[in-house]
Amino acid sequence: MQVTQDKVVQIDYTLTDAKGTVIDSSKGRPLAYLHGARGIIPGLEKELEGKSAGDHLQVVVPPEQAYGLHDDSLLIYVPRKAFGKRKIEKGMRFELTAEHGTQAVTVVSLQRETVRVDANHVLAGQTLYFDVKIVSVRDATPDELSHGHAHGAGGHHHP
Ligand code: ZN
């Protein structure tokens with residue numbers, strides 16, 4: 001069975017950056033996703049299209065097809081007060097409450113009254129290197145199609 005729209009695909013993967021540093025891995029517990037539902041980054045989904053269980057591939061995904069380019073307008077100044085009494089250091093990651101919910105940010109620099117944070121995705125601007133093995137491919141169930149994600153092992157679990 002081939003990977004096409006509305007199939008549930010299980011993959012084992014290792015994600016590394018340009019230097020070969022491992023960023024993420026399924027660690028032998030395959031990830032299940034619903035193909036065509038944008039459950040994984042577009043550049044990876046596109047390369048898996050038409051492949052079959054047992055296929056092993058190396059995929060290089062440019063930032064535009066992954067987490068986007070680094071957007072300088074997302075480097076923002078936040079008053080120190082917003083962090084409460086927490087000790088703040090460069091490189092720390094925080095969840096800030098913004099207009100549309102919470103936003104993960106990274107501290108870039110510190111001033112007396114303000115903290116400059118980067119609200120880009122941590123992988124924005126990065127080319128991603130995937131080593132992917134397709135473990136299984138099956139038809140999605142009606143429930144999975146209506147939810148827009150895979151259920152079961154490696155997929156979404158409902159409480
Ligand atoms: Zn569901």
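Procedures and definitions
- Residues numbered from 1 in each chain as written.
- Predicted model: local features only at pLDDT ≥ 70, side-chain atom pairs only at ≥ 80, totals over all residues.
- Heavy atoms only, no water.
- Domains from an automatic or database assignment.
- Helix = DSSP H or I, 4+ residues; strand = E, 2+ residues; numbered from the N terminus.
- Buried < 20%, exposed > 50% of the residue type's maximum accessible area, 1.4 Å probe, protein only.
- Polar contact = N/O pair within 3.5 Å; in protein donor to acceptor, adjacent residues only side chain to side chain.
- Contact = heavy atoms within 4.5 Å.
- Core = buried A, V, L, I, M, F, W, Y, C linked by side-chain atoms within 4.5 Å.
- Donors = N, O, S within 2.8 Å, 3.2 Å for Na, K, Ca; no water.
- Tetrahedral: all angles 85-135°; square planar, octahedral: opposite > 155°, others 65-115°.

(A) Structural detail: the domain arrangement of the protein. Assigned domains of the protein: these are domain 1 (7-67 + 124-147) and domain 2 (72-118). Here domain 1 and domain 2 have C-alpha centroids that lie 31 Å from each other.

(B) Highlighting the side chain of Asn 120. By the element assignment, Asn 120 lies in the loop between β8 (114-118) and β9 (128-139). Here Asn 120 falls in the buried class, since its relative accessible area comes to 6%. Polar side-chain contacts of Asn 120 include one of 2.9 Å to the backbone nitrogen of Asp 71. In this view, Asn 120 contacts Leu 69, His 70, Asp 71 and Leu 74; residues no more than four positions away in its chain are not counted.

(C) Representation of the environment of Ala 124 in the model. Inspection of the secondary structure puts Ala 124 in the loop between β8 and β9. The class of Ala 124 is buried, set by a relative accessible area of 10%. In the structure, Ala 124 is positioned 58 residues away from Ala 66 in sequence and 7.7 Å away in space, judged by C-alpha atoms. When near neighbours in sequence (up to four residues on either side) are disregarded, Ala 124 contacts Tyr 67, Gly 68, Leu 69 and His 70.

(D) Quick peek at the nonpolar core. One finds Ile 11, Leu 44, Leu 48, Leu 128, Phe 130 and Ile 134 to be the most contacted residues of the largest nonpolar core, which totals 20 residues. Broken down by secondary-structure element, the contributors of at least two residues to this core are β1 (7-16), α1 (42-48), β4 (56-61) and β9. In terms of residue count, β9 provides more of this core than any other element does, five residues in total. Contact partners of Leu 44, with chain neighbours within four places excluded, come to Val 59, Val 61, Phe 130 and Val 132.

(E) Here's a closer look at the coordination of the zinc ion. Note on the zinc ion: its protein donors are His 147 (ND1), His 149 (NE2), His 151 (NE2) and His 158 (NE2). The metal-donor distances range over 2.0 to 2.1 Å. Each of the four donor atoms bound to the zinc ion contributes to angles spanning 99 to 122°, and the resulting shape is tetrahedral. For the zinc ion, the donor residues sit on a single chain with the sequence spacing H-x1-H-x1-H-x6-H. A relative accessible area of 16% means that His 151 is categorised as buried. In this structure His 158 comes out as partly exposed when scored by relative accessible area, which is 41%.

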